[in-house]
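Here is what each chain is made of, one letter per residue.
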Amino acid sequence: AEDGYVLTVTDSGIGMTPAELTTANEVLEGTVPFDPSLSPALGLHVAGRLGLRHGIDVRLHPAESGGVVAAVAHAFTSRWQAAHSSCERGAICSPL
């Protein structure tokens, strides 16, 4: 396994049905064609495209207390490590 991090964001709202979660994750993965008539999916489409472009994995799953959890995972690549190897804790380093 690669080193990296996972950021989770929990929305404690009404949640999504299993079918809605499946569809949303397919949109995030880019496995379904983008349909502009599905305006709520625009944000998912953009998040998925940005994730693919930058090597970030975004997945949705149900929260234990209701709602939805978005898990964003990013592995540290050799390119990232080389770019940030001289960064000290608290220093501002330029993004890739």
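Our subject is the structure that appears above.
One structure accompanies this document, and this report is about it. (Residues numbered from 1 in each chain as written. Predicted model: local features only at pLDDT ≥ 70, side-chain atom pairs only at ≥ 80, totals over all residues. Heavy atoms only, no water.)

**Some details on the nonpolar core**
Here is step 1 of the chain: The biggest cluster of nonpolar side chains holds seven residues, and these are Leu 21, Ala 24, Leu 28, Val 58, Leu 60, Val 68 and Ala 70.
Here is step 2 of the chain: Elements with a minimum of two residues in this core: helix 1 (18-29), strand 2 (56-62) and strand 3 (68-75).
Here is step 3 of the chain: Tallying contributions element by element places helix 1 first for this core, with three residues.
Here is step 4 of the chain: In this structure Leu 28 touches Leu 44, Ala 47, Gly 48, Val 58, Arg 59 and Leu 60, once residues within four positions along its chain are discounted. (Core = buried A, V, L, I, M, F, W, Y, C linked by side-chain atoms within 4.5 Å. Buried < 20%, exposed > 50% of the residue type's maximum accessible area, 1.4 Å probe, protein only. Helix = DSSP H or I, 4+ residues; strand = E, 2+ residues; numbered from the N terminus. Contact = heavy atoms within 4.5 Å.)

**Some thoughts on helix 1**
The periodicity of an α-helix, 3.6 residues per turn, causes residues three or four places apart in sequence to face the same way.
Here is step 1 of the chain: Given a rise of 1.5 Å per residue, 12 residues ought to cover 16 Å, and the 16 Å separating the end C-alpha atoms of helix 1 matches this to within 8%.
Here is step 2 of the chain: If you check which residues of helix 1 are buried, you get Leu 21, Ala 24, Asn 25, Val 27 and Leu 28. Projected down its long axis, helix 1 shows its buried positions confined to an angular sector of 155°, all on one face.
Here is step 3 of the chain: Packed against the buried residues of helix 1 are helix 2 (42-54), strand 2 and strand 3.
Here is step 4 of the chain: Gly 30 sits one or two residues past helix 1 and shows a positive phi near 80°. (Expected span 1.5 Å × (residues − 1). Arc of directions from axis to C-beta.)

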